[in-house]
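# An overview of the molecular structure
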Amino acid sequence: MNIHFFKYQGAGNDFILIDNRDLSFKYTDNNAVLQLCNRRFGIGADGLMLLQNHADYDFEMLYFNSDGNLGSMCGNGGRCIVAFAKHLGVIDQETDFLAVDGPHYAKISEEGNWVDLQMIDIDTINKDGDAYVLNTGSPHYVAEMQNLKDYDVYQNGKAIRNNETYKKEGINVNFVEDKGDYLFVRTFERGVEDETYACGTGVTAVALSMAQHNHQIGHIETPIKVLGGDLKIQFDYDGKQFTNVFLCGPAEQVFEGEISI
Ligand SMILES: N[C@@H](CCC[C@H](N)C(=O)O)C(=O)O
């Protein structure tokens, strides 16, 4: 099978994008995705997305983690597929598209490289010891700490993701350090089974958890730094529910190519 693909990155979370409006990429098992995402023997990426037609929306997003399995919602992937849809001429500057966790609204800058993506509303944040656990389209564990720059995110994230509580379904593990003007976040991602340079649903989970932790109410804007760059989360919080949640940040096409598998 010969595949025409595009490579995108959003704050260093990188993805293979395929225009599958003609349904020529047939997903039968996880081997093709696994091979394409492999950083030694394939294109290399944290995940792969198919952009497909949908009768009721501008397009549908199908997201696979780099382990080859269909994933839950990917926030940075969502921002990248919006930039891809604009590149293809499927949308102009605003869109309503469908992802695994439901419909999403997004708007994109005129230059096509900055996307504000609306995420699902959240009304439940649980605790696991001192950590927060919530689902922002994907399941997340959020733990606050000091000196995060030197922390072993891989070993500690992997241990939490694979402990008795989370082993079966898996969880994405986020560590956050409050730097005053911004939050510094590092994430061990389920489905990649490694630390990634950014995780969109992860930084969303972190911003909401920290707002609850710090008893913030009203319209809140949270600047975030991750290994791959800067993101911003904005939302309204009335003490019970988080609404109008937006994940904002860069989404850039890196290259395009052909590969046969
Ligand atoms: N990188 C993503 C999260 C992708 C989903 C996750 N790995 C999972 O399946 O749990 C993001 O930007 O949100």
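Residues numbered from 1 in each chain as written. Predicted model: local features only at pLDDT ≥ 70, side-chain atom pairs only at ≥ 80, totals over all residues. Heavy atoms only, no water.

### A closer look at the environment of P103
Take P103: it is sitting in strand 6 (residues 102-108). A relative accessible area of 53% places P103 in the exposed class. The sequence separation of P103 and Y57 amounts to 46 residues, and the corresponding C-alpha distance is 8.2 Å. If we ignore the near neighbours within four places in the chain, the residues touching P103 are Y57, F97 and L98. (Helix = DSSP H or I, 4+ residues; strand = E, 2+ residues; numbered from the N terminus. Buried < 20%, exposed > 50% of the residue type's maximum accessible area, 1.4 Å probe, protein only. Contact = heavy atoms within 4.5 Å.)

### As for the site of the ligand
The ligand sits among 15 residues. The nearest are G75, N172, R190, G200 and T201. In the model, an oxygen atom of the ligand is placed 2.9 Å from a nitrogen or oxygen of the N65 side chain. Contact between the ligand and G75: an oxygen atom at 2.8 Å from a main-chain N or O atom of the residue. For the ligand, whose accessible area on its own is 360 Å², the fraction buried by protein is 100%. Taken atom by atom, the bulk of the ligand overlaps the largest cavity. Listing elements by their share of the shell around the ligand, those giving two or more residues are strand 4 (60-65), helix 2 (75-88) and helix 4 (200-213). (Near = heavy atom within 4 Å. Polar contact = N/O pair within 3.5 Å; in protein donor to acceptor, adjacent residues only side chain to side chain. Areas by Shrake-Rupley, 256 points an atom, 1.4 Å probe, with all protein chains shown as cover. 1 Å grid on protein atoms, 1.4 Å probe; cavity = no way out; pocket = protein on both sides within 12 Å on 5 of 7 lines; lining within 4 Å. Sits in = over half its atoms within 2 Å of the grid points.)

### Some points on the UniProt feature "binding site: substrate" (unreviewed entry) in the chain
The positions UniProt marks with the feature "binding site: substrate" (unreviewed entry) are N13, N65, G75, N76, N172, E189, R190, G200 and T201. For the largest cavity, the lining residues among the annotations just cited are N65, G75, N76, N172, E189, R190, G200 and T201. Looking at the element boundaries, N65 is found in strand 4. Given a relative accessible area of 8%, N65 falls into the buried group. When near neighbours in sequence (up to four residues on either side) are disregarded, N65 contacts V33, D46, G47, G71, E189, R190 and G191. Polar contacts involving the side chain of N65 include one to the side chain of Y63, which spans 3.0 Å. (UniProt positions renumbered as here; feature names shortened; annotations may be inferred.)

### Here's the deal with the domain arrangement of the chain
Domains assigned within the chain are domain 1 (2-119 + 251-260) and domain 2 (126-249). Between domain 1 and domain 2, the C-alpha centre-to-centre distance is 22 Å. Taken together, the contact between domain 1 and domain 2 spans 25 residues of the former and 25 residues of the latter. When domain 1 packs against domain 2, close to 1,800 Å² is buried across both sides, 51% of that on carbon and sulfur atoms. (Domains from an automatic or database assignment. Buried area = accessible area lost by both parts, 1.4 Å probe.)

### Quick word on the nonpolar core
One finds M61, I81, F97, F235 and F242 to be the most contacted residues of the largest nonpolar core, which totals 53 residues. Residue contributions to this core peak at 7 residues, all from helix 4. Both domains that furnish three or more residues to this core are identified here as domain 1 (2-119 + 251-260) and domain 2 (126-249). Among residues more than four places away in sequence, those in contact with F97 are Y57, F59, M61, G78, I81, V82, G102, P103, H104, A106 and L117. (Core = buried A, V, L, I, M, F, W, Y, C linked by side-chain atoms within 4.5 Å.)

### Some details on the pairing of strand 9 (residues 131-135)
Among the 5 residues of strand 9, 4 are classified as buried, and the element is accordingly described as predominantly covered. Relative to strand 9, strand 8 (residues 126-128) is paired through 3 bridges, and the arrangement is antiparallel. Within strand 9, the residue paired with D128 across the bridge is A131. From the end of strand 8 to the start of strand 9, which pair antiparallel, there are 2 residues, and G129 there has a positive phi angle of about 65°. Alignment of strand 9 against strand 10 (residues 139-144), held across 4 bridges, turns out to be antiparallel. In the sheet register, L134 faces strand 10, and the bridge partner there is H140. Connecting strand 9 to the next strand, strand 10, in antiparallel fashion are 3 residues, including G137 with a positive phi near 115°. (Pairing = 2+ DSSP bridges.)

### Examining helix 3 (residues 153-161)
When helix 3 is considered as a whole, its buried residues turn out to be V153, G157, I160 and R161. Projected onto a plane normal to the axis of helix 3, the buried residues spread over an arc of 100° and lie on a single side. Structurally, helix 3 contributes buried residues whose contacts are with strand 10, strand 11 (172-178), strand 12 (183-189) and strand 13 (194-196). (Arc of directions from axis to C-beta.)

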